[in-house]
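Letter by letter, the chains look like this.
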Amino acid sequence: MARVLIVGAGLTGSLCAALLRKETSGPLFLTVWDKAGDAGGRMSTASSPHNSQCTADLGAQYITCTPHYAKKHQSFYDELLAHGILKPLTSPIEGMVMKEGDCNFVAPRGVSSIIKHYLKESGAEVYFRQCVTQINLRNDKWEVSRETGSPEQFELVILTMPVPQLLQLQGDITNLISECQRQQLEAVSYSSRYALGLFYEAGTKIDVPWAGQYISSNPCIRFISIDNKKRNIESSEIGPSLVIHTTVPFGVTYLEHSTEDVQELIFQQLENILPGLPQPIATKYQKWRYSQVINAPANCPGQMTLHLKPFLVCGGDGFTQSNFDGCITSALCVLEAIKNYI
């Protein structure tokens, strides 16, 4: 039985797992490791510690589908819509730039429900708080070490973490990346930003005419969402949640500052935009060091194969573009690259 490890429980990793299970006829041991405490990657959904049904999308807010990808990836959209995991975005988002033919979707149960759907379909064993540190060649297998737990061996490894984290891995992998590949990987760059989720008591009113708003005139805040309103969920038992995304220049400037300092600055600016907001009962703070890809490798077909036997490949939005369709493209490219080796 082939033992396959996927590193990263974000969209590309979870979709790779689901596609592998679907396309592989023989027995397959499939496991997914992620360094975070839950699935989602940059499509993460946080819950209020007071009520797990009060949630906020701290990463991706909604999915924009262009006419090109509506056709090319139709089966993926159809499946998620049929399961009720996606539904059309009908709530008003002020300042949203709409191009002709584009369609926007939200995830009623939070954007991480997309990843959880694919992981469930894959039947993979999923382990969180597993930070991979080294990858070494041992008897024609990959021995993968992590911060906690014993090393394990696999015939095939798929890496879907952000490219800078890939370049930090130790062991034989450092010698397997060719000079040309290393130059391509080192050229990949990401924007950085902060996200802040605010959770409120049931019955709290946030009286604004929009569900989301892009802000162009503030040095700190770029986007605000009333998350339950964005998903068209109104409930007397579940309080509202609010998400703030900072601008990229603010994220870059304050990347190494303390959580307390950054939160204080965000709250100050929020008071200017939405004066008199009620006090939240809980907050969730997220630093996106690797938010969205600015530069992907040139002429890279959605993945990069580092070794053939045993197979080692990396994928993710770092090899395409930072959106839903970019991750689907990468997962399909990874599957194409490995199908002859499974």
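Here the residue numbering is sequential within each chain, running from 1 through the sequence in written order. In keeping with the model being predicted, local features are shown solely for residues with a pLDDT of at least 70 and side-chain atom pairs are shown and tallied solely at 80 or more, while totals for entire chains, interfaces and linings include all residues. Hydrogens and waters are ignored; side-chain quantities use all the structure's heavy atoms.

Within an unreviewed UniProt entry, the label attached to the protein chain reads Renalase isoform 1, and the organism entered is Daubentonia madagascariensis.

Q: Just checking my understanding: could you explain the overall build of the protein chain for this structure?
A: When helices and strands are tallied, the protein chain shows eleven helices and 22 strands. Against the globule reference of 20 Å for 342 residues, the protein chain gives a C-alpha radius of gyration of 20 Å, in line with a compact fold. Counting only C-alpha atoms and orienting by the principal axes, one finds that the protein chain spans roughly 65 × 45 × 40 Å. Within the protein chain, buried positions represent 54% of all 342 residues. In what follows, a contact means two residues having at least one pair of non-hydrogen atoms within 4.5 Å. Within the protein chain, counting contacts between residues at least 6 apart in sequence, those at least 24 apart form 72% of the total. Summed over all atoms, the accessible surface of the protein chain reaches about 15,700 Å², with 49% contributed by carbon and sulfur. Residues scored as charged are limited to Lys and Arg (positive) and Asp and Glu (negative), so that His and the chain ends carry no count. All charge positions are set by atom: Lys at NZ, Arg at CZ, Asp at CG, Glu at CD. Here the protein chain carries 28 positive and 32 negative side-chain charges, and the mean point of each set is 4 Å from the other. Secondary structure counts use DSSP, requiring at least four H or I residues in a row for a helix and at least two E residues in a row for a strand, with both numbered from the N terminus. Computation of the radius of gyration draws on C-alpha atoms, with the globule rule given as 2.2 Å multiplied by the number of residues to the power 0.38. Here the term buried applies to any residue with accessible area under 20% of the maximum for its type, exposed to any over 50%, and partly exposed to those in between, with areas from a 1.4 Å probe on protein chains only. Only the protein chains shown count as cover for residues, with accessible areas throughout obtained via the Shrake-Rupley method and a probe of 1.4 Å.

Q: Just checking my understanding: could you explain the packing of aromatic side chains for this structure?
A: Given two aromatic rings, their pairing is described by the distance between the two centres and the angle made by the two planes. We call Phe, Tyr and Trp rings a pair once their centres come within 6.5 Å, taking the six-membered ring for Trp, and we label the pair stacked below 30 degrees between planes, edge-to-face above 60, and tilted otherwise. Following the criterion strictly, the structure yields eight aromatic pairs and no others. Where Tyr77 meets Phe105, the ring centres are 5.7 Å apart and the plane angle is 35°; that geometry is what we call tilted. Linking Tyr77 in helix α3 (residues 74-82) with Phe105 in strand β8 (residues 103-106), this pair joins segments that are 28 residues apart in sequence. Each member of the pair, Tyr77 as well as Phe105, carries the same accessibility label: buried. In textbook terms, an aromatic cluster arises when at least three aromatic residues are bridged by ring pairs, as seen for Tyr194, Phe250, Tyr254 and Tyr285.

Q: What is the right way to read the pattern of salt bridges from this model?
A: Two side chains of opposite charge can pair, provided their charged atoms sit close to one another. Criterion for a salt bridge: a side-chain nitrogen of Lys or Arg within 4 Å of a carboxyl oxygen of Asp or Glu. According to the stated counting rule, one finds twelve salt bridges in the structure shown. Residue Glu152 is joined to Arg3 by a salt bridge in which the shortest nitrogen-to-oxygen separation is 3.0 Å. Separated by 149 residues along the polypeptide, Glu152 in strand β12 (residues 152-154) and Arg3 in strand β1 (residues 2-7) bring together distant segments of the chain. By relative accessible area, which is 25% here, Arg3 ends up partly exposed.

Q: Quick question: what am I supposed to make of the UniProt feature "domain: Amine oxidase" (unreviewed entry) in the protein chain here?
A: UniProt positions are given in the numbering used here, feature names are shortened, and annotations may be inferred rather than shown by experiment. Taking the UniProt record as the reference, the feature "domain: Amine oxidase" (unreviewed entry) is found at residues 99-294. Summarising residues 99-294: 27% helix, 31% strand, and an end-to-end C-alpha distance of 21 Å.

Q: Please explain the UniProt feature "signal peptide" (unreviewed entry) in the protein chain as it appears in this structure.
A: The feature "signal peptide" (unreviewed entry), as given by UniProt, occupies residues 1-17 in the numbering adopted here. Secondary structure over residues 1-17 splits into 41% helix and 35% strand, and the C-alpha atoms at its two ends are 16 Å apart.

Q: Got a minute to help me understand helix α1 (residues 11-23) in this structure?
A: Think of an α-helix as turning once every 3.6 residues; residues three or four places apart then point the same way. For α1, with 13 residues, the first-to-last C-alpha span of 18 Å sits near the 18 Å given by 1.5 Å per residue. Where burial is concerned, most of α1 is hidden: ten out of the 13 residues are buried. Here α1 has its buried residues at Leu11, Thr12, Gly13, Ser14, Leu15, Cys16, Ala17, Ala18, Leu19 and Leu20. Working rule for helices: expected span equals 1.5 Å times residues minus one.

Q: Would you mind showing me how to read the sheet that holds strand β22 (residues 311-315) here?
A: Sheets are built from strands that pair by backbone hydrogen bonding, the pairs being arranged parallel or antiparallel. With respect to topology, six strands assemble into an open sheet ordered β9-β2-β1-β13-β22-β21, the strand pairing being mixed. Of all strands in the sheet, those bounded by a partner on one side alone are β9 (125-127) and β21 (303-307). Between one strand axis and the next, the sheet turns by 20° as a mean value, whatever way the strands run. When DSSP locates at least two bridges between a pair of strands, those strands are taken to pair. As defined by bridge partners, β1 adjoins strand β13 (residues 156-159) across four bridges and the pair is classed as parallel. Lines fitted to C-alpha atoms define the axes here, with helix axes fitted over just the stretch in contact, and angles between the N-to-C directions of these axes take values from 0 to 180 degrees.

Q: Would you mind showing me how to read unusual backbone geometry here?
A: In the segment running from Lys309 into Pro310, the intervening peptide bond is cis, with an omega of -5°. Here Pro310 shows up in the loop between β21 and β22. The backbone of Arg129 sits at a positive phi, close to 55°, despite the residue not being glycine. Within the secondary structure, Arg129 sits in the loop between β9 and β10 (132-138). Even without a glycine there, the phi angle at Asn139 is positive, about 50°. Tracing the backbone through its elements, the reader meets Asn139 in the loop between β10 and β11 (141-146).

Q: Any chance you could explain the pairing of β8 here in plain terms?
A: Side chains on a regular strand alternate between the two faces of the sheet. Bridging between strand β5 (residues 63-65) and β8 involves three bridges; their strand directions are antiparallel. Residue pairing in the sheet places Ile63 in a bridge with Phe105 of β8.

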